[in-house]
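Fold and geometry: a report
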Amino acid sequence: MLRLWIPLLLCLAVITPAVAADLTADAVNGAELRKRQPSEEKMDPVAIRAQVLLDRAHVSPGEIDGRFGDNARQALAAFARTKGLAGDAKLTPEVWDALVRGDSAPAIVSYTISRDDVKGPFLEKLPKRMEDMKDLPRVGYTSLREALAEKFHMSEALLRALNPKAGFDKAGETITVANVLKPDETVPEITRLDIDKQSETVQAFAKDGKLVAVFPATVGSDDKPTPVGSFKVDSIDANPNYRYNPDYKFKGVKARKAFDIKPGPNNPVGSYWIGLSIGNGYGIHGTAEPSKVGKSESHGCVRLTNWDVAFLGQHLSKKAVVELR
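Residues numbered from 1 in each chain as written. Predicted model: local features only at pLDDT ≥ 70, side-chain atom pairs only at ≥ 80, totals over all residues. Heavy atoms only, no water.

1. Points about the environment of Phe-122
To keep things clear, this is the line we draw: Only DSSP runs of H or I reaching four residues or more are called helices, and only runs of E reaching two or more are called strands; each is numbered from the N terminus. Only protein chains enter the area calculation, which uses a 1.4 Å probe; residues under 20% of their type maximum are buried, those over 50% are exposed, and those in between are partly exposed.
Here Phe-122 lies in the loop between helix 6 (115-118) and helix 7 (144-151). Among the residues examined, Phe-122 registers a relative accessible area of 31% and is labelled partly exposed. A C-alpha to C-alpha distance of 37 Å links Phe-122 and Val-321, two positions 199 residues apart in sequence.

2. Let's talk about the pairing of strand 3 (residues 190-196)
Along any regular strand, the residues point their side chains to alternate faces of the sheet. Rule in force here: Here the rule is simple: two strands pair whenever DSSP picks up at least two bridges between them.
Of all seven residues in strand 3, five are buried, a share of seventy percent or more. Counting the residues that bridge the hairpin from strand 3 to strand 4 (residues 201-206) gives four residues, and of these Glu-200 lies at a positive phi of roughly 55°. Pairing between strand 3 and strand 13 (residues 316-324): five bridges, direction parallel. Bridging across to strand 13, Leu-193 finds its partner in Val-322.

3. Details of the packing of aromatic side chains
Spelled out, the test is: Two rings from Phe, Tyr or Trp (for Trp, the six-membered ring) form a pair when their centres are within 6.5 Å of each other. A pair whose planes differ by under 30 degrees is stacked, one over 60 is edge-to-face, and the rest are tilted. Whether a charge sits over a ring depends on NZ of Lys or CZ of Arg being within 6 Å of the ring centre and within 35 degrees of the ring normal.
Counted by the stated rule, this structure contains four aromatic pairs. Ring centres of Phe-215 and Phe-311 lie 6.2 Å apart, and the angle between their planes is 65°; on these two criteria the pair is classed as edge-to-face. Pair noted here: Phe-215 is in strand 5 (residues 211-216) and Phe-311 is in helix 9 (residues 306-315), with a separation of 96 residues, a long-range link. Comparing Phe-215 with Phe-311 shows no difference in burial state: the two are buried. Feature note: the residues Tyr-244, Phe-250 and Phe-259 constitute an aromatic cluster, connected by ring pairs. Taking NZ or CZ as reference, Arg-192 lies 4.2 Å from the ring centre of Phe-205, over its face.

That is the geometry; function is a separate question.
Written out as structure tokens, the structure reads:
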């Protein structure tokens, strides 16, 4: 039996590094389209590069996880439409060429963890019950790895896969991350939002009708549907407090009195709140669970990733019109 195990272990020793080596900065930056489409089951350099390029084009794939799921395919189809190409959610040579030709920047870059990154403070554990959050001074991240993953629009699993030897615990450590930050970019003011409940997407338009950005979203549920109609933006607030009203009657919340939850990225409405003229607490906001955007249900609000709602909030006109259909 031992003789049988030795060759098997030697094979695994050879295979495992090869698999890990596929997810390097060079592999992703040099990834090219092939006949086999990237899938939702396995992290893939082609999928990572495509997701980063879609994010940089402001056709958001949601969380960049290296797996080509529904949000990525939907973003790809939207990108194809903006280029006047046939868009059936597949990476065709024409769509791939438009992606890589339109943005020559590397998809993966090096980043040195700063003192500001490590200072936190971080939570030991995020309470599951909303009532248990009300006494926290800030609803922050639970780890530096979570903070870095969100900063670069990534899943923690992908961040770990790209940096298998990283400690994610000290300033000065250099890691590889998605190249999604564009600090010097000029973005036109967004004056209209078109929110499609069926496709669970938010399209943002400038005054001249030009499409500025597309985001995946979680929009309502059968029990608490998002209203339909034309509304206005009432407020735009970064790092909002969250106030729970017992009239909301959220499942699992037993509080009979209203209570407040202080700001933080893991606050129930995330890092941004965009209030709408619907009343009764409806708005567009972030989330503590970016991986679930477009894949779960909300309490009637429109839920985006924290980075997508921050981009929207930073460029949205206070007089913007919001069409919900």
